[in-house]
Amino acid sequence: MTDTADREESVVPAGTDAALLEPDATLGTYARGRIEALKTGDLGSLPIIIGIIAIAIYFQARNSQFLSAGNFVNLIAQTAPYAVIGMGVVFVLLLGEIDLSIGYVSGVGGVITALLLVPDGNQVSPAVAIAAALGAGAIIGVVQGLLFTKIGIPSFVVTLAGLLGWNGVVLLLIGDRGTVAIQDPFVNGIANDYLSSGAAWLSVEGAVLIYAALQYLAVRNRAKAGLPNLPTSLILLRIGVLAGVGAIVVAVANSALNRGLPYVFLLLIALMLILTFVTDRTRFGRHVYAVGGSIEAARRAGIRVDGVRVAVFGIAGTMAALGGIILASRLSSVDTNAGGGTILLYSIAAPVIGGTSLFGGRGTIRSALLGAVVIASIDNGLGLLNTTAGTKYIVTALVLLAAVSVDSLSRKGRVASGRA
Amino acid sequence: MSQEPLLELKGVTKTFGAVNALTEVDFSVREGEVMALVGDNGAGKSTLIKSIAGIHPIDAGTIAFAGTRVNIHGPKDAAKLGIEVVYQDLALCDNLDVVQNMYLGREAMSSFRRLDETTMERTARETLASLAVTTIRSVRQPVAALSGGQRQSVAVAKAVMWNSKLVILDEPTAALGVAQTRQVLDLVKRLGQTGLAVVLISHNLHDIFEVADRITVLRLGRSVAEVSRKGSTQQEVVQLITAGSIASVPGQTEATA
Ligand SMILES: Nc1ncnc2c1ncn2[C@@H]1O[C@H](COP(=O)(O)OP(=O)(O)OP(=O)(O)O)[C@@H](O)[C@H]1O
Ligand SMILES: [Mg+2]
């Protein structure tokens with residue numbers, strides 16, 4: 001290898017794993033790698049975390065109710081449906097596709113659950129009602145996925161038809177009842193019941209311990225195979241931050257009068273862990289990223305591209321139905337508006353605001369949760385300031401535009417630095 | 001070098017509607033040898049390797065692999081025989097890292113349907129090291145961050161990692177600068193030395209005369225000659241490619257040619 005060749009090739013790669021270059025990387029090298037990555041447009045979760053802090057400070061300054069324990073608990077329940085539906089949307093966005101039907105699919109999920117639980121002598125158990133709603137969501141998603149892959153209708157158009165069609169189904173299912181109240185305590189409890197203070201502490205501490213144990217095992221495995229690890233100090237820092245955030249959430253929620261940590265919080269965390277496992281640790285997840293990165297490369301690698309796509313739309317439909325059940329639980333009823341309003345736009349905006357790219361191939365499950373926190377905070381905070389729905393929509397629109405601009409600009413940054 | 005060809009095509013014909021892309025083409029490659037495939041634009045080079053890789057079914061003729069006749073109906077069949085193709089482009093996912101790309105579609109798994117990242121990363125590193133690809137500093141960086149030469153090296157390493165017997169490279173240096181071309185050519189040479197059969201498509205005769213053992217010339221879909229590098233000159237090959245219409249090597253002056 002000549003001298004020139006060497007120089008030409010030794011471009012220091014910037015990126016999250018820059019620290020992995022040196023087996024003896026420290027927190028300092030890692031931080032420098034992250035800063036390099038920021039410059040080339042790889043932003044990670046940084047803008048969103050700054051955004052959440054800024055939003056919290058702003059609303060708290062305008063109305064001290066915002067960070068009160070009671071409102072904090074409300075915020076968790078408000079975040080949940082958008083986060084859950086948004087996690088399904090992450091899969092679709094990773095493919096570089098879109099699903100516009102998820103709003104009314106969530107409506108279908110909520111309405112099926114409510115109708116099956118109407119105590120008219122034919123009611124089923126809550127487990128059966130929920131399973132039926134989730135099954136319906138999955139089938140809807142798979143059918144739309146098949147129309148997209150087998151007939152070749154663009155996903156935008158298939159799911160636009162879905163948007164209209166499933167709205168119609170919601171209206172037909174509700175019929176002239178107008179509103180269907182949910183009396184089942186289990187379903188209502190998902191968003192409206194709270195863990196006891198002790199149980200909340202136990203589950204959060206347990207989660208942190210499990211996370212720490214998994215990290216330890218991973219580090220040991222890599223060390224055994226002679227592979228470099230992230231700096232230990234960074235791993236400890238991450239565990240510390242997780243433990244700290246968890247402790248604050250539990251302490252604040254527990255201090256709310258007669259309330260506490262909602263069950264739906266546990267559901268959110270569990271879904272985030274399971275789906276992150278799917279995206280990051282399974283073959284299917286890897287193939288989702290591959291199809292989103294390059295369909296042709298994925299196909300040549302022998303990946304069944306159509307199968308991956310259909311499964312992804314199935315996941316989006318299932319998650320939408322689950323989000324609809326949570327929403328129905330929070331309101332303890334469904335009506336002819338089920339699945340309408342801001343649900344669709346908020347649920348797509350959530351992962352995008354959280355940093356998942358609209359261009360496919362880049363994104364995380366966690367982005368849906370972070371983005372949903374932003375959206376629910378704005379909605380909730382502006383509500384406390386007695387602003388009208390009009391203002392809420394405009395502010396949320398601006399946040400979405402800002403997030404998409406960040407995505408588009410960071411893509412440009414990657415192109416400019418040859419990392420497209 | 002064994003004398004029995006590893007891959008032998010006889011009388012292969014392929015038409016696309018009215019276009020005769022390949023007409024009774026004979027082609028063979030042995031283990032431990034680099035066979036170059038040359039010809040003008042549209043001569044049928046890519047079509048020929050796509051037939052070998054199972055992407056286009058052939059209309060007539062036979063393909064024999066390791067002495068037995070085979071029917072290759074798709075990329076999976078080709079991979080099963082140990083045939084790997086490195087395409088000039090579109091072969092890697094930019095958003096995935098080096099390890100993820102090298103194992104794409106053939107991921108190593110451990111318990112609970114988990115990806116076995118440790119094994120994949122270790123093997124990927126070993127493969128790159130065995131091919132003396134030393135310029136890639138982290139196998140966990142996205143392929144988008146690599147230079148053209150590094151990407152091509154990853155694509156080649158991906159191809160040889162699977163106990164492949166025959167590696168086909170379609171214009172692997174077409175988009176590369178001088179230093180990176182050097183890097184990939186060295187890699188191609190090493191593949192031949194490790195006992196693999198290698199097919200190299202290139203328009204650059206200089207490169208071909210550096211790494212190839214034999215050269216097959218295609219013209220208008222026909223195999224018009226098969227020469228050994230040692231027994232011929234670049235000028236002769238240019239004449240074969242162009243049917244004598246150009247008598248000197250393009251880009252070289254009369255004095256040096
Ligand atoms: N899928 C296809 N459908 C129709 N015609 C095709 C197809 N693929 C190739 N051909 C035709 O077959 C002939 C051979 O093309 P091929 O791509 O094999 O040439 P090549 O030798 O690889 O050229 P180049 O050096 O430009 O890559 C051309 O006339 C081309 O137009
Ligand atoms: Mg070609």
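Residues numbered from 1 in each chain as written. Chains lettered and ligands numbered in written order. Predicted model: local features only at pLDDT ≥ 70, side-chain atom pairs only at ≥ 80, totals over all residues. Heavy atoms only, no water.

1. Comments concerning the site of ligand 1
Residues and elements named next belong to chain B. Stated precisely, the cut-off is as follows: One heavy atom within 4 Å of a molecule or strand makes the whole residue count as near it. Under this definition, polar contacts are N or O atom pairs within 3.5 Å; protein pairs additionally need one hydrogen-donor-capable and one acceptor-capable atom, and for neighbouring residues in sequence, both atoms have to be side-chain atoms. Only the protein chains shown count as covering a residue, and every accessible area follows the Shrake-Rupley method with a 1.4 Å probe. Each helix is a run of DSSP H or I of at least 4 residues and each strand a run of E of at least 2, with the numbering of both proceeding from the N terminus. In this classification, Asp, Glu, Lys and Arg are treated as charged, Ala, Val, Leu, Ile, Met, Phe, Trp, Tyr, Cys and Pro as nonpolar, and every other residue, Gly included, as polar.
The immediate surroundings of ligand 1 are formed by 13 residues, with Asn41, Gly42, Lys45, Ser46 and Thr47 found nearest. Ser46 places a side-chain nitrogen or oxygen 2.7 Å from an oxygen atom of ligand 1. Separating an oxygen atom of ligand 1 from a side-chain N or O atom of Thr47 is a distance of 2.5 Å. In the complex, the protein chains occlude 61% of the 630 Å² of accessible area that ligand 1 would expose alone. Contributions of two or more residues to the shell around ligand 1 are made by β2 (19–29) and α1 (45–52). By residue number, the principal contributor to the shell around ligand 1 is α1, which donates three residues. Residues belonging to the shell around ligand 1 are distributed by class as follows: four nonpolar, six polar and three charged.

2. Overview of the pairing of strand β12 (residues 222–228) of chain B
Residue and element names in this part refer to chain B. Which entries qualify depends on this criterion: Here, strands pair whenever DSSP counts at least two bridges between them.
As paired elements, strand β11 (residues 214–219) and β12 share six bridges and run antiparallel to each other. Residue pairing for β12: Leu218 is matched across the bridge by Ser223. Hairpin connection between β11 and β12: a loop of two residues separates the two successive antiparallel strands, and Leu220 in this loop has a positive phi of roughly 50°.

3. With respect to the sheet that holds strand β10 (residues 197–201) of chain B
Residue and element names in this part refer to chain B. Spelled out, the test is: Angles run from 0 to 180 degrees between N-to-C directions of axes, and those axes are lines fitted to C-alpha atoms, restricted for helices to the stretch in contact. Contact between two residues is taken to exist if any of their heavy atoms lie within 4.5 Å; hydrogens are not considered.
Read across the sheet, six strands follow the order β6-β9-β10-β3-β11-β12 without closing on themselves; strand pairing throughout is mixed. Only two strands of the sheet have a single neighbouring strand rather than two, namely β6 (83–86) and β12. Ignoring strand direction, the axes of neighbouring strands in this sheet form an average angle of 20°. Two elements, β6 and strand β9 (residues 166–170), share four bridges in a ladder whose sense is parallel. Across the sheet, Val86 pairs through a bridge with Leu169, a residue of β9. Against the sheet, helix α8 (residues 234–242) makes contact with β3 (34–38), β11 and β12, and its axis sits at roughly 25° relative to β11, the strand it touches most.

4. Notes on unusual backbone geometry
Residues and elements named next belong to chain B. Keep this limit in mind: Under the scheme applied here, a residue whose accessible area is under 20% of the maximum for its type counts as buried, over 50% as exposed, and between as partly exposed, the area being computed with a 1.4 Å probe on protein chains only.
A positive phi angle is found at Glu24, which is not glycine, with a value near 45°. Turning to its location among the elements, Glu24 is positioned in strand β2. When its relative accessible area of 56% is taken as the criterion, Glu24 is described as exposed. For Glu171, which is not a glycine, the phi torsion comes out positive at approximately 45°. Relative to the assigned elements, Glu171 resides in the loop between β9 and α6 (178–193). Overall, the relative accessible area of 18% leaves Glu171 in the buried class.

5. Let's talk about helix α8 (residues 185–192) of chain A
Residues and elements named next belong to chain A. Residues of α8 that are buried include every one of Val187, Asn188, Gly189, Ile190 and Ala191, and no others. Against α4 (69–94), α5 (102–116), α6 (126–151), α11 (263–281) and α14 (305–331) lie the buried residues of α8. With a side-chain oxygen lying 3.0 Å from the backbone nitrogen of Phe186, the N-terminal cap of α8 falls on Asp184.

6. As for the side chain of B:Thr127
Looking at where B:Thr127 falls in the secondary structure, it is placed in helix α4 (residues 117–130). Leave out the neighbours within four places in its chain, and B:Thr127 touches B:Met102, B:Ala157, B:Val160 and B:Met161.

7. Quick notes on the pairing of β9(B)
Residue and element names in this part refer to chain B. Summarising burial for β9: five of the five residues are buried, a large majority. Side-chain alternation along β9 places Leu166, Ile168 and Asp170 on one buried face and Val167 and Leu169 on a second face that is also buried. Where β9 and β10 come together, five bridges link them in parallel fashion. Considered in β10, the bridge of Leu166 is made with Ala197.

8. Considerations on the packing of aromatic side chains
Quick note on the threshold: Pairs were defined over the aromatic rings of Phe, Tyr and Trp, the Trp ring being its six-membered one, requiring ring centres within 6.5 Å. Orientation was assigned from the angle between planes: stacked under 30 degrees, edge-to-face over 60, tilted for the rest. In this analysis the charged atom, NZ for Lys or CZ for Arg, is taken to sit over a ring once it is within 6 Å of the ring centre and within 35 degrees of the ring normal.
Under the counting rule described, the total for this entry stands at five aromatic pairs over all chains. With a centroid separation of 5.3 Å and 70° between ring planes, the pair formed by A:Tyr58 and A:Phe59 is classed as edge-to-face. Note on B:Tyr103 and B:Trp162: the rings are 5.4 Å apart at their centroids and 85° apart in plane angle, and the pair reads as edge-to-face. Of the two residues, B:Tyr103 sits in the loop between α3 (98–102) and β7 (109–110) while B:Trp162 sits in the loop between α5 (148–160) and β9, which places them 59 residues apart along the sequence. Members of the aromatic cluster, each reached through a chain of ring pairs, are A:Tyr58, A:Phe59 and A:Phe66. Taking NZ or CZ as reference, A:Arg300 lies 4.0 Å from the ring centre of B:Tyr87, over its face.

9. Quick look at the domain arrangement of chain A
Residues and elements named next belong to chain A. This is how it is decided: The source of the domain bounds is an automatic or database domain assignment. Buried surface area refers to the total accessible area, computed with a probe of radius 1.4 Å, that the two partners give up upon joining, counted for both partners together. Salt bridge, as used here, is a side-chain nitrogen of Lys or Arg placed within 4 Å of a carboxyl oxygen of Asp or Glu.
Each domain of chain A was delimited in the assignment, giving domain 1 (1–36 + 195–261) and domain 2 (45–193 + 262–417). One C-alpha centre belongs to domain 1, the other to domain 2, and the line joining them spans 26 Å. Between domain 1 and domain 2 lies a buried interface of about 960 Å² when both sides are counted; carbon and sulfur atoms form 76% of it. Contact with domain 2 buries area across many residues of domain 1, yet Leu195, Arg259 and Leu261 alone supply 49% of it, more than any other trio. Taken together, the links from domain 1 to domain 2 amount to zero salt bridges.

10. Some thoughts on the packing of α5(A) against α6(A)
What describes two packed helices is the angle between their axes and the distance between those same axes. Residue and element names in this part refer to chain A. Just so we agree on the cut-off: Roughly parallel here means an angle under 35 degrees, roughly antiparallel means over 145, roughly perpendicular means 65 to 115, and every remaining angle is called oblique. Crossing handedness is defined as follows: a turn of the near helix away from the far one that is anticlockwise and smaller than a right angle gives a left-handed crossing, while the clockwise case is right-handed.
The interhelical angle for the contact between α5 and α6, taken along N-to-C directions, is 155°, at an axis separation of 8 Å. Relative to α6, α5 is oriented roughly antiparallel. The element α5 and its partner α6 pack so that their crossing is right-handed. Taking contact as the criterion, the partners of Val105, Val108, Gly109, Ile112, Thr113 and Leu116 in α5 are, on α6, Ala129, Ile130, Ala132, Ala133, Ala136, Gly137 and Ile140. Its residues assigned to classes, the contact of α5 with α6 comprises 10 nonpolar, three polar and no charged.

11. Digging into the sheet that holds strand β5 (residues 68–69) of chain B
All names here are of chain B. Read across the open sheet, the four strands follow the order β2-β1-β4-β5; overall the sheet is antiparallel. Where the open sheet ends on each side, the last strands, each with one partner, are β2 and β5. Note that strand β4 (residues 60–65) and β5 share two bridges and pair antiparallel. The partner of Ala64 across the bridge, within β5, is Arg69. α1 rests against β1 (7–16), β2 and β4 of the sheet, and its axis sits at about 65° to β2.

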